[in-house]
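Coordinates in review
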Amino acid sequence: MTERIEIDVDGLTVVATRGTSVASALLDAGVTAFRLSPDGSARAPLCGMGVCYECRVTIDDVPHQRACMRTVEPGMRIDTGAGE
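Owing to the predicted nature of the structure, the values given are computational and were not obtained by experimental measurement. (Residues numbered from 1 in each chain as written. Predicted model: local features only at pLDDT ≥ 70, side-chain atom pairs only at ≥ 80, totals over all residues. Heavy atoms only, no water.)

1. With respect to the overall build of the protein
Threshold: Note on conventions: DSSP H or I runs of at least 4 residues are helices, E runs of at least 2 residues are strands, and numbering of each starts at the N terminus. Radius of gyration: over C-alpha atoms. The globule rule applied is 2.2 Å multiplied by the number of residues raised to the 0.38 power. Contact definition: two residues touch when any of their heavy atoms are within 4.5 Å. Per-residue accessibility takes into account occlusion by the displayed protein chains alone, with areas from the Shrake-Rupley method and a 1.4 Å probe.
Within the protein, the secondary structure is distributed over one helix and seven strands. In the protein, the succession of helices and strands from N to C terminus is β-β-α-β-β-β-β-β. Radius of gyration (C-alpha) of the protein: 12 Å, near the 12 Å computed for a compact globule of 84 residues. Dimensions of the protein, computed from C-alpha atoms along their principal axes, come out at roughly 40 × 25 × 20 Å. In the protein, 41% of the contacts between residues at least 6 apart in sequence involve partners at least 24 apart. For the protein, the exposed surface amounts to about 4900 Å²; the carbon and sulfur share of it is 51%.

Now the structure itself:
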């Protein structure tokens with residue numbers, strides 16, 4: 001049986017499956033913008049393996065974390081900075 005955990009995404013509680021990547025959990029929750037580029041356009045995962053850096057988010061107050069390279073943990077706080 002898969003264990004469901006709660007994480008905080010931009011101030012909202014999201015239920016995710018333990019062991020999934022932060023990127024997968026955000027996409028499953030309907031988050032489409034992980035960050036904004038300098039011109040204001042939405043950015044989201046592209047490669048899914050840590051190469052492109054398009055999935056950067058702030059995790060537990062540490063900025064520029066690659067969401068595709070981190071697994072969710074109970075109580076994790078994620079800030080996309082994208083306003084979703």
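More follows now that the structure is in view.
2. Comments concerning the sheet that holds strand β2 (residues 12–17)
Applied cut-off: Note on pairing: two strands pair once DSSP finds at least 2 bridges between them. In this analysis, axes come from line fits to C-alpha atoms, helices being fitted only over the stretch in contact, and the angle between any two N-to-C directions falls in the range 0 to 180 degrees.
Strand order in the open sheet made by the five strands is β2-β1-β7-β5-β6, with mixed pairing throughout. The open sheet is flanked by β2 and β6 (62–66), the only strands paired with a single partner. If you compare each strand with its neighbour and ignore which way they point, the axes differ by 40° on average. Pairing of strand β1 (residues 4–9) with strand β7 (residues 77–79) involves two bridges; the strand directions are parallel. Paired with V9 across the strands is I78, a residue of β7.

3. Considering the nonpolar core
Our working definition: The criterion is simple. A nonpolar core is a set of buried Ala, Val, Leu, Ile, Met, Phe, Trp, Tyr and Cys residues joined through side-chain atoms within 4.5 Å. Exposed residues in this analysis have more than 50% of their type's maximum accessible area, buried residues have under 20%, and partly exposed residues fall in between, with area computed by a 1.4 Å probe over protein chains only.
Among the nonpolar cores identified, the biggest contains 19 residues, and I7, V22, L26, F34 and I78 are the most heavily contacted of them. Mapped by element, the contributors of at least two residues to this core are β1, β2, α1 (22–28) and β5 (56–59).

4. Points about the pairing of β5
Alternating residues of β5 divide into V57 and I59, all buried, and R56 and T58, none buried. Note that β5 and β6 share three bridges and pair antiparallel. Across the sheet, I59 pairs through a bridge with V62, a residue of β6. Between the antiparallel neighbours β5 and β6 lie two residues, among them D60 with a positive phi of about 50°.

Such coordinate-based values are descriptive only and should not be taken to indicate function.
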